[in-house]
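Examining the three-dimensional arrangement
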Amino acid sequence: GWDLSDPFARRPRAVDVACVDERGGVDFEQWTWPAPDSEGRLDAEALVAAFPVGPEDVVVVDGPQALAQPGARVREAERLLRAPGRTPDVLPVPGAPFSGFVRGSVLLFAALRGREDLRLLDLDTPEPHEARLFEAFPGATWRGLGGKKLPKKDTPEGRRRRRELLEQKGLRFPRSGLLTHDELDASLCAWLGWRLHREPAGVHAVGLPLWKDADGWLREGRILDIP
């Protein structure tokens, strides 16, 4: 599970990565974005090198995989799940809230799609269990797990409660005490991928299928969530 940050921020936060093994054991890492050039481009080869994926890995990312349909201001999955960061139909320019985050994430998915072994749902296979690269929106899944009264994620009580919810679902963390809310979001993404391959009926995909337009841009795409 990858909890993406904004690579165009003045001081980009490291990306929190949660790795879950077959038994539910969690390990954490932090990865660094490659630096964008002066025109706001991220080199595809540098992105693939900075975000390594093993041959057996299933990756679930907290970040948009594609642009909205032409003429739309938001993707259908984001509208349905009430995501605060909304992806337009053109690659946003860094500066406005969420714009750098959205831009970086869309470019990352495009770079990773260059690997033939990283299948995306709908575009490369209609079967979720055959795909290996997914998108999640933790905010929606946390609501599904903990209800509307779940404490805010940046409070100690909210962080404790989110850890408890994931432990109840089978995850085992490497240390006691509070985890950061970024580690918890990464863990939730990883749990969705873990659950998808253990209990496929326990995960569904929300939104419109992923497709590629004539210019090569990925558009729309479904977001993993729980029923």
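Up top you'll find the structure we're talking about.
As a starting point, this report considers the structure included with it. None of these values were measured; they are calculated from a predicted model. (Residues numbered from 1 in each chain as written. Predicted model: local features only at pLDDT ≥ 70, side-chain atom pairs only at ≥ 80, totals over all residues. Heavy atoms only, no water.)

Let us look at the overall build of the protein. Scanning the protein from N- to C-terminus turns up six helices and nine strands. A globule of 227 residues ought to have a C-alpha radius of gyration of about 17 Å, and the protein, at 17 Å, matches this closely. Reported as C-alpha extents along the three principal axes, the dimensions of the protein are approximately 45 × 40 × 35 Å. Residues classed as buried in the protein amount to 48% of the 227 residues present. Of the contacts made within the protein by residues no fewer than 6 positions apart, 57% connect residues no fewer than 24 positions apart. In the structure as shown, the protein presents an accessible area of about 11300 Å², 49% of it carried by carbon and sulfur atoms. For the protein, the centre of its 33 positive side-chain charges and the centre of its 36 negative side-chain charges are spaced 7 Å apart. (Helix = DSSP H or I, 4+ residues; strand = E, 2+ residues; numbered from the N terminus. Rg over C-alpha atoms; globule rule 2.2 N^0.38 Å. Buried < 20%, exposed > 50% of the residue type's maximum accessible area, 1.4 Å probe, protein only. Contact = heavy atoms within 4.5 Å. Areas by Shrake-Rupley, 256 points an atom, 1.4 Å probe, with all protein chains shown as cover. Lys, Arg positive; Asp, Glu negative; His and termini not counted. Charge placed at Lys NZ, Arg CZ, Asp CG, Glu CD.)

With glycine set apart, most residues show a phi of negative sign, and most peptide bonds adopt trans. Not every positive phi belongs to a glycine, and Arg82 is a case in point at roughly 60 degrees. By the secondary structure assignment, Arg82 is in the loop between helix H2 (76-81) and helix H3 (99-112). Exposure remark for Arg82: the relative accessible area of 54% places this residue in the exposed category. Not every positive phi belongs to a glycine, and Phe98 is a case in point at roughly 70 degrees. Mapped onto the elements, Phe98 comes out in the loop between H2 and H3. For Phe98, a relative accessible area of 43% puts it in the partly exposed group.

This next bit is on a negative patch on the surface. Taken together, the side chains of Asp21, Glu22, Asp27, Glu29, Glu56 and Asp57 make up a negatively charged region of the molecular surface. The residue Glu22 is located in the loop between strand E2 (15-20) and strand E3 (26-31) in this model. In this structure Glu22 comes out as exposed when scored by relative accessible area, which is 72%. (Patch = residues over 30% accessible without salt bridge, like charges linked within 9 Å, V, L, I, M, F, W, Y side chains within 5 Å. Salt bridge = Lys/Arg side-chain N within 4 Å of Asp/Glu carboxyl O.)

Before going further, it helps to examine the pattern of salt bridges. Evaluation of the coordinates by the stated rule reveals 20 salt bridges. Among the salt bridges present, the one from Glu76 reaches Arg79, with a minimum N-O distance of 2.6 Å. Taken together, the residues span about one helical turn, with Glu76 and Arg79 both in helix H2 at a distance of three residues. The class of Arg79 is partly exposed, set by a relative accessible area of 43%. Two residues, Asp117 and Arg132, come together in a salt bridge whose shortest N-O distance is 3.3 Å. Within this pair, whereas Asp117 is found in the loop between H3 and strand E5 (133-136), its partner Arg132 is found in the loop between H3 and E5, the two being separated by 15 residues in sequence. A relative accessible area of 33% places Asp117 in the partly exposed class. The class for Arg132 is buried, based on a relative accessible area of 12%. Salt bridges sharing common partners tie together Asp3, Arg13, Asp16 and Asp182.

According to the stated counting rule, one finds one cavity of 30 Å³ or more in the structure shown. For the largest cavity, the calculated volume is near 50 Å³. Considering the residues around the largest cavity, the lining is formed by Gln65, Leu121, Asp122, Leu133, Phe134, Glu135, Ala205, Arg222 and Leu224. Among the elements that make up the lining of the largest cavity, the one with the highest residue count is E5 (three residues). Its residues assigned to classes, the lining of the largest cavity comprises five nonpolar, one polar and three charged. (1 Å grid on protein atoms, 1.4 Å probe; cavity = no way out; pocket = protein on both sides within 12 Å on 5 of 7 lines; lining within 4 Å. Points joined across faces, edges and corners; volume = space filled by probe spheres on them. Nonpolar A, V, L, I, M, F, W, Y, C, P; charged D, E, K, R; others polar.)

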